[in-house]
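Fold and contact review
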Amino acid sequence: MPTESAARLNEISNRPGASAPAEAGVLSVDLSAIIANYRLVQAKAPSARVGAVVKADAYGLGARTIAPVLAGAGCRDFFVAHLAEALELVSGLPESARLYVLNGLAPGMESLCADAGIVPVLNTLEQARDWQAYATAVGRKLPAVLQVDTGMSRLGLGADELETLLRQPGFLDWVEVRVVMSHLACADMPDSPANAEQVRRFAEMASQLPEAEQSLANSAAVLGMSDCVGGLVRPGLLLYGIDPLSPATAGLHPAITLDARVIQVRSVQAGVGVGYDHDYVTPSPRRLATLSVGYADGWPRALGGKGAVWINDVCLPLVGRVSMDTCVADVTDIPAGCIQPGDKVELIGPHQSVSELAALLETAPHAILTGLGNRFERRFTGHALPQA
Ligand SMILES: *Cc1c(COP(=O)(O)O)cnc(C)c1O
């Protein structure tokens, strides 16, 4: 191997937090759009503080870059799912920022969490007991968020458990409940009666902790239920420019594009099988392009025979099965000679949003986004990047 490329390879593989080079494709993240969306959420919920949900590496976009950029725009509240995710972010955020661990702590993690100044969400009586015990052991009152279950049956204390906890000797002496939170099951269906019922139960349970700030709303609730969002809102999707409701919200800034590359172009006759199991057989002579993404990249296998990609304004249907590392688009509509290996293909962008892909596959936009693999190079644009 020539030494120059060996050195380049070495640099790529050793760079801390390095993202893959653009062989599969490029996931571009517009940081200015994310900041504009943060401000849009603030305008939609003017009486609330806007937190940022940056769990799962900011939905796969790169939390170590995005969280500090949001902090630069004034955000001080950051939600992740796991303690390890919070520990990754703590050094990049200002002292005044707060990081919350939505899933709460696994047993034994209390000291790691407290020492880093990270705030756990207490979801169960066990988590509450362990946090209180740790606070007592170190002789220091410790902050927490308390989650109550108001009807999603996922995380949080039920009404009886809340009563038990608040009667428990010493709990409020050792644990400073800063925020009481709950999560809505049906916020993406604003007309569902389940929402009003959860809001009612939340008000009832939260009133038992009058000092604590209230937090109830994800992105869909910020848009659809703006009258009852509480003092601290928790959007994820909206910050990343993805609309949880349709029709699309005015003023939301698309923040993501995803491109792949053409690897090979071929012309085939009618009656030729394409891809695994010959799931597709050409009905007439076609031109086909093999693309650099497959289901191992989180480009969903279910798009085979169903989805499309774009070059400029031309829609190119995906034919045959999506393979692990490749998929095949029918490019017959692009004049011969106008497409060649190396050309860029739009997977997500102006012609195809994450929400549209999710609707096509009957899944959540969150699932599409968090599935995008680390073979895509993450490229940040649109904002003075924070110093590494
Ligand atoms: C993931 C999550 C959110 C953010 O949801 P979006 O739909 O992305 O806005 C908010 N709150 C909790 C508890 C979550 O788990």
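Residues numbered from 1 in each chain as written. Predicted model: local features only at pLDDT ≥ 70, side-chain atom pairs only at ≥ 80, totals over all residues. Heavy atoms only, no water.

Per an unreviewed UniProt entry, the protein chain is named Alanine racemase, and its organism is Hyphomonas chukchiensis. The UniProt entry for the protein chain carries the following comment under Pathway (unreviewed entry): "Amino-acid biosynthesis; D-alanine biosynthesis; D-alanine from L-alanine: step 1/1." Listed in UniProt under the heading Catalytic activity (unreviewed entry), the comment for the protein chain reads: "L-alanine = D-alanine". (UniProt positions renumbered as here; feature names shortened; annotations may be inferred.)

This next bit is on the sheet that holds strand S6 (residues 119–122). The pairing of strands in a sheet happens through backbone hydrogen bonds and is either parallel or antiparallel. Strand order in this open sheet of 7 strands is S3-S4-S5-S6-S7-S8-S9, and the pairing throughout is parallel. Across the chains shown, the open sheet's two edge strands, defined by having one partner strand only, are strand S3 (52–53) and strand S9 (213–215). Where S3 meets strand S4 (residues 77–80), 2 bridges bridge the pair, whose relative direction is parallel. Counterpart to Ala52 in the pairing with S4 is Phe78. (Pairing = 2+ DSSP bridges. Helix = DSSP H or I, 4+ residues; strand = E, 2+ residues; numbered from the N terminus.)

Turning our attention to helix H5 (residues 83–90). Those residues of H5 lying buried are Leu83, Glu85, Ala86 and Leu89. Projected down its long axis, H5 shows its buried positions confined to an angular sector of 155°, all on one face. Against the buried residues of H5 lie helix H3 (55–60), helix H4 (63–72), S4, strand S5 (98–101) and helix H6 (110–115). (Buried < 20%, exposed > 50% of the residue type's maximum accessible area, 1.4 Å probe, protein only. Arc of directions from axis to C-beta. Contact = heavy atoms within 4.5 Å.)

With that settled, consider the site of the ligand. The environment of the ligand is made up of 14 residues, and the closest members are Lys55, Tyr59, Ser219, Leu237 and His366. Here an oxygen atom of the ligand sits 2.6 Å away from a polar atom, N or O, in the side chain of Lys55. Contacts to the ligand include Arg234, whose side-chain N or O atom sits 2.9 Å from a nitrogen atom. Coverage of the ligand by the protein amounts to 92% of the 390 Å² it exposes when considered alone. (Near = heavy atom within 4 Å. Polar contact = N/O pair within 3.5 Å; in protein donor to acceptor, adjacent residues only side chain to side chain. Areas by Shrake-Rupley, 256 points an atom, 1.4 Å probe, with all protein chains shown as cover.)

Attention now goes to the environment of Cys315. As for its placement among the helices and strands, Cys315 is situated in strand S16 (residues 314–319). Residues Cys315 and His351, spaced 36 residues apart in sequence, show a C-alpha to C-alpha distance of 8.5 Å. For Cys315, the contacting residues outside a window of four places in its chain are Ala308, Val309 and Trp310.

The parts lose accessible area when they come together, and the size of an interface is often stated as this lost area. Domains assigned within the protein chain are domain 1 (31–240) and domain 2 (256–352). For domain 1 and domain 2, the distance between their C-alpha centres works out to 42 Å. (Domains from an automatic or database assignment.)

Before going further, it helps to spend a moment on the packing of helix H2 (residues 31–44) against H4. Taken N-terminus to C-terminus, the directions of H2 and H4 make an angle of 50°; their axes are 10 Å apart at the nearest point. Considering the angle they form, H2 stands oblique to H4. Crossing handedness for the pair H2 and H4: right-handed. Counted together, Leu31, Ile34, Ile35 and Tyr38 of H2 and Thr65, Ile66, Val69 and Leu70 of H4 form the full contact between these two elements. Tallied by class, the residues present in the contact of H2 with H4 amount to 7 nonpolar, 1 polar and no charged. (Axes fitted to C-alpha atoms, helices over the stretch in contact; angles between N-to-C directions. Parallel < 35°, antiparallel > 145°, perpendicular 65-115°, else oblique. Left-handed = near helix turned anticlockwise from the far one by under 90°. Nonpolar A, V, L, I, M, F, W, Y, C, P; charged D, E, K, R; others polar.)

With that settled, the discussion passes to the pattern of salt bridges. Applying the stated criterion across every chain, the model contains 15 salt bridges. Salt-bridge contacts for Asp279 lead to Arg321; the nearest nitrogen and oxygen are separated by 3.4 Å. On the criterion of sequence distance, the pair formed by Asp279 in the loop between strand S12 (273–274) and strand S13 (280–281) and Arg321 in the loop between S16 and strand S17 (327–330) is long-range, its members being 42 residues apart. In this structure, the salt-bridge partner of Arg375 is Asp297, at a minimum N-O distance of 2.7 Å. Within this pair, whereas Arg375 is found in the loop between helix H13 (365–371) and strand S19 (376–381), its partner Asp297 is found in the loop between strand S14 (286–291) and strand S15 (308–311), the two being separated by 78 residues in sequence. For Arg375, a relative accessible area of 35% gives the class partly exposed. The class for Asp297 is buried, based on a relative accessible area of 0%. Each member of the salt-bridge network shares a partner with another, and the members are Arg49, Asp77, Arg98 and Glu213. (Salt bridge = Lys/Arg side-chain N within 4 Å of Asp/Glu carboxyl O.)

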